[in-house]
Amino acid sequence: MPTLAPLLETPRLRLRMHTADDWEPMTALWTHPETVRHIGGGVIGSRHDVWFRILRHIGHWAAIGYGYWAIEDRASGAFIGSAGLGDYRREMDPPFHGEPEAGWTIHPEHKGKGYATEAMQAVFAWAEAQGLPPAFCIIDPENHPSLRVAEKLGFRPAGTAVLRGNTVQVLRR
């Protein structure tokens, strides 16, 4: 399979393009209740939905030149989660179209180890080298761990938006 996403490495992590082989670990991630507790209020739904998520991650690279990386532990090769930038053209008020939206999802068994921060620091270093504009992110106001990660990454509150009937915190770098 051709690689559209560059390989990024940190002292502990390898960020690589998603592949079809990520289906099982991504299913374990996205069907875990703790993962989705602050993302729409329920599991993604099915292995089918997870497959489409993987295709969306790969497709971002082909369509717009940036996207999400799969995160692996460099020492063991274990799948940890996903992180990157997207353009989801979300139907939210106010809209944020054409700006990179940062996001990270770490499997619950790997949370609390600084992996999201470390991965996103590598993503932002790459994005800045590519000349991408500053990113924004949206986070459920009750998702305190992600809000702490965002703060460590230099995000600051920039208001709120309504997405699927829920109020989300908008943050900008």
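A short tour of the structure in this document, coming up. Here the structure is a predicted model, which means the values were calculated and not measured.

## With respect to the overall build of the protein chain
Alright, step 1. The secondary structure content of the protein chain amounts to five helices and nine strands.
Alright, step 2. When its helices and strands are written in sequence order, the protein chain yields β-β-α-α-α-β-β-β-β-α-β-α-β-β.
Alright, step 3. Here the protein chain has a C-alpha radius of gyration of 15 Å; the compact-globule value for 173 residues is 16 Å, and the two agree.
Alright, step 4. Dimensions of the protein chain, computed from C-alpha atoms along their principal axes, come out at roughly 40 × 35 × 30 Å.
Alright, step 5. Counting across all 173 residues of the protein chain, residues that qualify as buried make up 46%.
Alright, step 6. Taking the intrachain contacts of the protein chain between residues at least 6 apart in sequence as the baseline, contacts between residues at least 24 apart amount to 61%.
Alright, step 7. By element, 53% of the accessible surface of the protein chain is carried by carbon and sulfur atoms, the whole surface being about 8,700 Å².
Alright, step 8. Taken as two groups, the 18 positive and 19 negative side-chain charges of the protein chain have centres that lie 3 Å from each other.

## Structural notes on the environment of Phe-52
Alright, step 1. Structurally, Phe-52 is set in helix 3 (residues 47-64).
Alright, step 2. Accessibility expressed as a relative area gives 43% for Phe-52, which makes it partly exposed.

## Digging into the pattern of salt bridges
Alright, step 1. The final tally for this structure, using the stated rule, is eleven salt bridges.
Alright, step 2. Note that Arg-89 and Asp-87 form a salt bridge whose closest N and O atoms lie 3.7 Å from each other.
Alright, step 3. On the basis of relative accessible area, Arg-89 is assigned to the exposed category, the value being 56%.
Alright, step 4. A relative accessible area of 14% means that Asp-87 is categorised as buried.
Alright, step 5. Taking the shortest distance from any N to any O, the salt bridge between Arg-173 and Glu-128 comes out at 3.2 Å. Placement of the pair is Arg-173 in the segment after strand 9 (166-172) and Glu-128 in helix 4 (residues 115-130), with a sequence separation of 45 residues.

## What to know about the pairing of strand 8 (residues 156-163)
Alright, step 1. Where strand 5 (residues 92-93) lies against strand 8, two bridges are found, and the strand directions are antiparallel. The residue bridging Asp-93 from the neighbouring strand is Val-162, located in strand 8.
Alright, step 2. Relative to strand 9, strand 8 runs antiparallel, the two being bridged by six bridges. Counted as the bridge partner of Arg-156 is Arg-172 from strand 9.
Alright, step 3. Counting the residues between successive antiparallel strands, the hairpin from strand 8 to strand 9 contains two residues, one of them, Arg-164, with a positive phi of roughly 50 degrees.

The rules we used
Residues numbered from 1 in each chain as written. Predicted model: local features only at pLDDT ≥ 70, side-chain atom pairs only at ≥ 80, totals over all residues. Heavy atoms only, no water. Helix = DSSP H or I, 4+ residues; strand = E, 2+ residues; numbered from the N terminus. Rg over C-alpha atoms; globule rule 2.2 N^0.38 Å. Buried < 20%, exposed > 50% of the residue type's maximum accessible area, 1.4 Å probe, protein only. Contact = heavy atoms within 4.5 Å. Areas by Shrake-Rupley, 256 points an atom, 1.4 Å probe, with all protein chains shown as cover. Lys, Arg positive; Asp, Glu negative; His and termini not counted. Charge placed at Lys NZ, Arg CZ, Asp CG, Glu CD. Salt bridge = Lys/Arg side-chain N within 4 Å of Asp/Glu carboxyl O. Pairing = 2+ DSSP bridges.

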